[in-house]
Amino acid sequence: MTVNGKAVSGSVEPRTLLVHFLREDLLLTGTHVGCESGYCGACTIHLDGVPTKSCMVLAAQADGCDVTTIEGLAKNGDLHPVQEGFWERHGLQCGFCTPGMIMSAAGILAENGSPTEAEIRHGLEGNLCRCTGYHNIVRAVEYAAAKMRGEEPAPPEWETDLV
Amino acid sequence: MSTTTSALGGVIRRKEDPALIRGRGRYVDDIKRTGELAAAFVRSPFANARINSIDVSAATAMAGVHAVYTIDDVRHLGPLIAQVPVGKLRPLLADGAVKHVGEAVAMVVADNRYIAQDAVDAIFVDYEPLEAVVDLKDAASDRVKVHDDLDSNVLLAWVGHEWWADVIAVEDPRPKIEEAKQRDDAVIVELEMVNQRLIPVAIEPRSVVASWNEGYERFEVYSSSQIPHALGGAIAKTFGLASNAVHVRAPEVGGGFGCKLNVYPDEILVCFASMRLHRPVRFTETRRESAVSTIQGRGWVATATLTGTPDGRILGYELRALTDMGAYSQNFTVAIPLLGLWVSAGQYDIPAYFEAKCVVTNTQTTDAYRGAGRPEALYYIERMIDAYAREIGMDPAEVRRKNYWKNDQFPAVNNTGLAIDSGDYETNLDKLLEMADYEGLKRMQAEARAEGRYIGIGLSTYLEICGFGPSVLSEIGFGWNNYGLPSSFSGSGLVRVNPDGSATVIIGTGPSGQGHETTWAQIASSVLGITTDKIRVSHGDTAESPMGVGTFGSRSAAVDGTATYEAAVKVRDKAAEIAAHLMEAAPEDIRFADGGAHVVGTPGRVVTWEEIADVAYRPHRGPDGLDAGLEAHAVFSPGNATWPFGSHIAVVEVDPETGNVEFLRYIGIDDCGNVINPMIVDGQVHGGIAQGVGQALFEEAIYDDAGNLLSGSLIDYPIPTAGDLPSFELGRTVTPTDVNPMGVKGIGEAGTIGSAQTIVNAVVDALAPLGVKHIDMPLRPRKVWQAIQDARG
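Model, not experiment: these values are computed from the prediction.

**Let's talk about the overall build of chain B**
Along the backbone of chain B there are 20 helices and 28 strands. Taken against the 2.2 N^0.38 rule, which gives 28 Å for 793 residues, the C-alpha radius of gyration of chain B at 27 Å falls within 12% of a compact globule. Taken along the three principal axes of its C-alpha coordinates, chain B extends 90 × 75 × 50 Å. Here chain B, with 793 residues, has 66% of them falling under the buried criterion. Residue pairs at least 24 apart in sequence account for 80% of intrachain contacts in chain B once pairs closer than 6 positions are excluded. On chain B, roughly 25600 Å² of surface is accessible, and the fraction owed to carbon and sulfur atoms is 49%. Computing the positive centroid from 69 side-chain charges and the negative centroid from 103, chain B places the two 2 Å apart.

**Some thoughts on the overall build of chain A**
For chain A, the count of helices and strands is five helices and five strands. Secondary structure elements in chain A, listed N-terminal to C-terminal, are β-β-α-β-β-β-α-α-α-α. Its C-alpha atoms give chain A a radius of gyration of 16 Å, within 12% of the compact-globule value 15 Å for 163 residues. Taking the principal axes of the C-alpha coordinates as reference, chain A spans close to 55 × 30 × 30 Å. Out of the 163 residues belonging to chain A, those deemed buried represent 58%. In chain A, 58% of the contacts between residues at least 6 apart in sequence involve partners at least 24 apart.

**Examining the pattern of salt bridges**
Residues and elements named next belong to chain B. Counted by the stated rule, this structure contains 60 salt bridges over all chains. Measuring nitrogen to oxygen at the nearest pair gives 3.0 Å for the salt bridge that ties D185 to R183. We classify D185 as partly exposed; its relative accessible area is 32%. For R183, a relative accessible area of 38% translates into the label partly exposed. A salt bridge links R401 to D430; the shortest N-O distance between them is 2.9 Å.

**A word on the interface of chain A and chain B**
Facing 54 residues of chain A, the contacting portion of chain B comprises 61 residues. Both sides of the chain A and chain B interface together cover about 4900 Å² of buried area, and 57% of this is carbon and sulfur. One salt bridge in this structure joins B:R13 and A:E88, with 2.5 Å as the shortest N-O distance. For the pair chain A and chain B, the number of links is 29 residue pairs in polar contact (both at pLDDT 80 or more). Sorting the residues of the side of chain A that touches chain B by element identifies α1 (18-25), α2 (81-88), α3 (98-111), α4 (117-123) and α5 (135-148) of chain A as the ones contributing at least two each. At four residues, α2(A) tops the list of elements feeding residues into the side of chain A that touches chain B. Classifying every residue of the side of chain A that touches chain B gives 24 nonpolar, 17 polar and 13 charged.

**Regarding unusual backbone geometry**
With an omega of -5°, the peptide bond between B:F410 and B:P411 qualifies as cis. Along the chain, B:P411 falls in the loop between α12 (396-403) and β16 (412-413). Residues other than glycine seldom take positive phi values, yet A:D48 does so here, at roughly 50°. Among the structural elements, A:D48 can be located in the loop between β3 (44-47) and β4 (50-53). A positive phi is found at B:R298, a non-glycine position, where the angle reads about 55°. Tracing the backbone shows B:R298 in strand β13 (residues 297-308). The exposure class of B:R298 is buried, given its relative accessible area of 4%.

**Things to note about the nonpolar core**
Counting 228 residues, the largest nonpolar core has A:F86, B:W163, B:I235, B:Y317, B:W342, B:W480 and B:I649 as its most contacted members. In terms of residue count, helix α11 (residues 374-392) of chain B provides more of this core than any other element does, eleven residues in total. B:L528, B:V537, B:A579 and B:M742 belong to the second-largest nonpolar core, a separate cluster that totals 44 residues.

**A few points about the sheet that holds strand β14 (residues 314-326) of chain B**
All names here are of chain B. Overall, mixed pairing links the five strands, which are arranged β7-β15-β14-β13-β8 in an open sheet. The sheet terminates laterally at β7 (154-159) and β8 (187-198), the two strands that pair on one side only. If you compare each strand with its neighbour and ignore which way they point, the axes differ by 10° on average. As judged from the nine bridges shared by β13 and β14, these two strands associate in the antiparallel manner. Opposite W300, over in β14, you have T323 as the bridge partner.

**Some words on the packing of helix α18 (residues 678-698) of chain B against helix α19 (residues 750-766) of chain B**
Residues and elements named next belong to chain B. At their nearest, the axes of α18 and α19 sit 7 Å apart, and the two run at 40° to each other. Between α18 and α19, the crossing angle belongs to the class labelled oblique. Taken as a pair, α18 and α19 cross one another with a handedness that is right-handed. Residues V685, G688, I689, Q691, G692, V693, Q695, A696 and L697 of α18 form the contact with α19, whose own contacting residues are G751, T752, S755, A756, I759 and V760. Grouping the amino acids of the contact of α18 with α19 by side-chain chemistry returns eight nonpolar, seven polar and no charged.

Conventions and cut-offs
- Residues numbered from 1 in each chain as written.
- Chains lettered and ligands numbered in written order.
- Predicted model: local features only at pLDDT ≥ 70, side-chain atom pairs only at ≥ 80, totals over all residues.
- Heavy atoms only, no water.
- Helix = DSSP H or I, 4+ residues; strand = E, 2+ residues; numbered from the N terminus.
- Rg over C-alpha atoms; globule rule 2.2 N^0.38 Å.
- Buried < 20%, exposed > 50% of the residue type's maximum accessible area, 1.4 Å probe, protein only.
- Contact = heavy atoms within 4.5 Å.
- Areas by Shrake-Rupley, 256 points an atom, 1.4 Å probe, with all protein chains shown as cover.
- Lys, Arg positive; Asp, Glu negative; His and termini not counted.
- Charge placed at Lys NZ, Arg CZ, Asp CG, Glu CD.
- Salt bridge = Lys/Arg side-chain N within 4 Å of Asp/Glu carboxyl O.
- Buried area = accessible area lost by both parts, 1.4 Å probe.
- Polar contact = N/O pair within 3.5 Å; in protein donor to acceptor, adjacent residues only side chain to side chain.
- Nonpolar A, V, L, I, M, F, W, Y, C, P; charged D, E, K, R; others polar.
- Core = buried A, V, L, I, M, F, W, Y, C linked by side-chain atoms within 4.5 Å.
- Pairing = 2+ DSSP bridges.
- Axes fitted to C-alpha atoms, helices over the stretch in contact; angles between N-to-C directions.
- Parallel < 35°, antiparallel > 145°, perpendicular 65-115°, else oblique.
- Left-handed = near helix turned anticlockwise from the far one by under 90°.

Listed below in C-alpha cells is the structure:
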C-alpha cells in the first residue's frame, strides 16, 4: 500500500488490524486506538481519500490502497488548514482524539467547503472527544473552512492574542 | 520590585499543540521499549464467587507465552496500597474469591497482545458463584455481605458537623431544623434522587510499561497517570525500594477526569513481571476492559429535605445519602463523599445537615470522577432549591438570591466549619440573568407554552471547593503518606534560567490536557519577563521534578502554579542582584521586561538574560559572594482551599411525542478568581459542561441484579457527541482569592459541578405544566416520555 505518499510493504498475520500495522510496523503512532470497536474515531485515517476507522479494517484489506495518516496531512511542513484551525481555536486539550478528529474534519471539508454548524456537528458524530465539549472543535473547523475558501476566519471568542 | 505581568490574563496559543496536531505527541502506548512483552488479564465474569481452582497449564504451554501469574505468585507483595485504606483493600490478583465482574484473576505475559489474549482464553477458572449485592439499600441492610471479614457493608458515615470533630467544632444543625419544621408556616419539600453511576471514559485507555533495570536496580515506568509521584511511591513501597529507585514518567496523557488518579494493580504487576522476566512489560487496557478495570464514579441515592418559609427563606436543609464504594477501596474511595460534604449547603447561609454512608457492593470500585463528591452535593441542593421555589411559587433566581452568603460575610464559615475564601454570588447571578435575558426567556417560554410546546428554563448556581490544601488535611489522609511519601497536598515548582538565557520550568503535576505547558510558561514569563517561546515546561517525571502531588481536584494552578510563581520570584531577585552589579545600580531599582533587565526610568539600557546568565554561571564575574547558578525551587502549602462559584442556565425543549430533550441555549457565568489564560479557562468550562450533560442526559453504568455491567461499551454507554451539544455561551466574574498571591482558584471541574442539575431543572421546568416534579438521571427519551405518560395519567 501507499502510506503518506510512500510505498510500503510488510507481511502480517491475517488478523492484524490496519491501525496496528500503522502503529507497530510503520511506527506511525499518531493514529490512536481508543476503543477497538469503531465508536470513538481516534483511529480515523484516509483510505483512498475517505475518512475510515482503521481499527475496523484489517491490514490485509488495505493491500494496494492509498492511506493518509495524521503524519501525512501537513504538506512540505505547512499545516493543513484544519490542523491550523485546531491550534488557533483551541480545538484540543489532551490531544488523544485530535488526529482522528482532524482527519474526519478534513474529510467533511473536502466534500463541503461551507458547512453549517449543524453539518459540522453531524459530520463529527463518529469522533468522540471527552475534553472540549466540541465547542472549540466546531470553531476550529469553521476557521479551516473559511481559510480554505480564501476568506478571513471569524475572530476568536476570547481577547486578542498576545503572541 | 515590580515586573511585567502582561503574560497573565492574556491568550497565547498552546505550546502543547504543534506536536499533538501533527500526530507527533507521545502517549504511553506510543513509547516502545526494546524487547517489550505484552500483558493481558483473565477477568471475572461473576460479581461474587469463590475460586476453586485455576488451570493455567494450556496457556503456559502456548508458543510465545512467557509467564502466567496468579495470586500465589504475588501474594507476598500484599494488597494494592490505598491512600485512604478504609474498607477492603484490593488483592493484586483475586485471592480465592472475586468480588466484582472484571476483577483480575490471572495475568498472562506474552510476545504480543494478540498471543496474550489467546492465552487468556485458554485459562480455565473453576468459579462457585455466590449471591451478589448491587442495590445500595439492599447492601446497606447487610442482608448479603460483600466481604466476610468486614463487620458490615457500611464502612462509615460522614456527617457534616462532625467530620473532623477532634479539631473542628461545629454546632449540630438538627435541633434548629426540627424547630423550623414545627412552625405553622413551614413549607417542607422532600425528594429521593439518584445520582447515578458513571464511567469516566478518558478517550486514551490506561496504559503502562515497566522495565526493571537490573544493573542499576531501578524501575523505569511510563504510565498514563495523573499522579506519577504517588505511583512511584506505591511501586517503591510494594517492592521495598527507596522512592528514588523508581522512575515514573507520565508523558502525554489522553484525558484523566479522575480515572487516572489512582494506582492500579496492573501498574504494580507489570513491574513484578518485568523483574521476573528481565524484559519490559506493557499493559494497555481495551475499551470494554476499561469499563470494569478502571474506577467508576458517583453512585449516590439520597433523600433531601428542605424546610423554608412561604416567602423563600430556607430554614433547614438535610441530605441523607447512601454512596456506592464498589467492592474494594483504592486511592481515595471513601473520601469522595467528604468533598461533597464540604459544599453540601452550596452558596447558602442556611442550617444544613449532611450524612453520607459509604456502602460496599459487588461492583467495580468508585473513586474520583470529575468533580468527585461536589457534583453530587450540588445536584441535590440545587434540585431542592428548584423544587422549593416551585412549591412556594417564587422565581428560583430570587430564592437563591435571598439565601446567599452576602459579600460582607466572607470569609464565611459554612455548615462544615470550613471558611469560604471569597465570593460575590449576586453579581455573578445578575450577570447570568442579564446575559441570558432571563425575563425575555420567561416571556418566550410563556408564548411557547400557549402553543403547546414544552420549553424549560433551568437555573443552577454552584459552589466548589478545590485547590486543596490546606496542608493540615494531610492528617486525615490528604497527602501521599500511604504511598511512602509523607506529604500534604503542597505544590512545587522549579524554575531555572539556563546559561543561554532560555528558561526551564519543572513541575510535579500530571496534566492530561489542561495546558500546563502554556499556563506555566505564562506564570514564569510574567515574573521574569522572558517571552513564553523561550520557556519550556516539563512535568510528570519523578526523576526530574521535585516531589509533586499530581493533577486533580482543580488544584494545579492554585497550588503548583503558586509554587512556580514563588520560585520565579526567587530567580528574579537573584537576577536583579546580578543586573544591578552589571549596571552599577541598586537591585531594588531593577525591572524586568521584554527579555531583559533595566534600571527603573531608563528602559533604553537593557541587560539581557543571556548576559545575566553568563554571570550567574561564571560567578567570578559577578558581585562578591554570588552563588553560582540561576535556579530556585519553591513549595507552596496553601492556608485554605479555594472556593470557585458560578451560575448556569440551560434552555431546553422537550418533544412530548418522543421524550427527546433538545438544547436551545446553554449559558454559564463562572468565577474562578483571576484568570491566567482565558482561552484555556473557557475550554475547561466547555468540557466540564459536556460531562455534566453526559450525566444529565445519556450516561449510566447499569448493573443487573447479578452484578453484570450492562453498559460497558461506547454503544450502550453513550458519551455526548458533537451533535448532542449546543455551542456554549460563557462569561465570567472575577472575585480573586487571597489564599495565593496570583488570586487564582481553579476551573477544571467547575463546568461539571454546575451543569447536570441545571439541565434536569430545565427539563422538569419544561414539564411542570404536566405536574412532573422529578425525573432521575439520565434523562433519556424513554424515561422522559414515560414521565410524561405517567403525569398525563
